[in-house]
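Breakdown of the fold
The lines below spell out each chain.
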Amino acid sequence: MPRDSAVGQVDGFSADAMLPLTGVDGPDLQTAVYDIVTWATSATLLRRLMAAGDFPLREDAAAFRLFLQLVYRGAARPTEVAAAIETSRSNVARIGRRLEDAGLVARRPDPEDDRAVVLGLTEDGRVVGRRILDTGLRLFSPVLAGWSATDVATLQRLLLDLAGRLRTP
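The following paragraphs examine the structure supplied in this document. All values reported here derive from a predicted model rather than from experimental measurement. (Residues numbered from 1 in each chain as written. Predicted model: local features only at pLDDT ≥ 70, side-chain atom pairs only at ≥ 80, totals over all residues. Heavy atoms only, no water.)

Let us now look at a nonpolar patch on the surface. A cluster of nonpolar side chains, namely Leu29, Val33 and Val37, defines an oily patch on the protein surface of about 280 Å² accessible area. Exposure remark for Val37: the relative accessible area of 46% places this residue in the partly exposed category. (Patch = residues over 30% accessible without salt bridge, like charges linked within 9 Å, V, L, I, M, F, W, Y side chains within 5 Å. Areas by Shrake-Rupley, 256 points an atom, 1.4 Å probe, with all protein chains shown as cover. Salt bridge = Lys/Arg side-chain N within 4 Å of Asp/Glu carboxyl O. Buried < 20%, exposed > 50% of the residue type's maximum accessible area, 1.4 Å probe, protein only.)

Below, the discussion takes up the environment of Pro109. With respect to the helices and strands, Pro109 occurs in strand 1 (residues 105–110). Residue classification places Pro109 among the exposed residues on the basis of a relative accessible area of 60%. Ignoring sequence-local partners within four residues, the contact set of Pro109 consists of Ala116, Val117 and Val118. (Helix = DSSP H or I, 4+ residues; strand = E, 2+ residues; numbered from the N terminus. Contact = heavy atoms within 4.5 Å.)

Now for the packing of aromatic side chains. Scanning the entire structure with this criterion turns up 3 aromatic pairs. Between Trp39 and Phe140, the aromatic rings sit 5.7 Å apart at their centres with planes inclined by 40°, giving tilted as the arrangement. Of the two residues, Trp39 sits in helix 1 (residues 29–40) while Phe140 sits in helix 6 (residues 123–140), which places them 101 residues apart along the sequence. With a relative accessible area of 32%, Phe140 lands in the partly exposed category. Seen in terms of ring centroids, Phe55 and Phe67 are 5.3 Å apart; in terms of plane orientation they differ by 50°. Their pairing is tilted. (Phe/Tyr/Trp six-rings, centres within 6.5 Å; stacked < 30°, edge-to-face > 60°.)

This is the structure we're talking about:
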């Protein structure tokens, strides 16, 4: 939330220095995207999804993040998942073992490279993943409760277009 422009000097900072660089004159696209990303990646939301979705490793946020990668992308090489969750391949191996021990994930030979493996959801993992996706929809649906079906459809179309453009260099 932008600071009031009447904020005075604090510890040698001018009133302008205390203001954010975007959204000062009211909401803008850049600030809105930042707010959405911040909300979607927050520890609070992560914990709510883990609890409400009955994730078996409830205290293991790293396992949940890796698990969500597999829910949304399907089976993937450990190196791909490591890059996505910003950790090392060896850490993905450790996290993957915890998910395997919980019966949620299995390692399989990579169909495109016999030397490599992929991590993928087991049948139990797919059940848990579906439950977490449904939980996410339940948690998010009140946000759009006052929107018309046309507005929701427009938002979906525009977000899908934006996501597609972000995936393509």
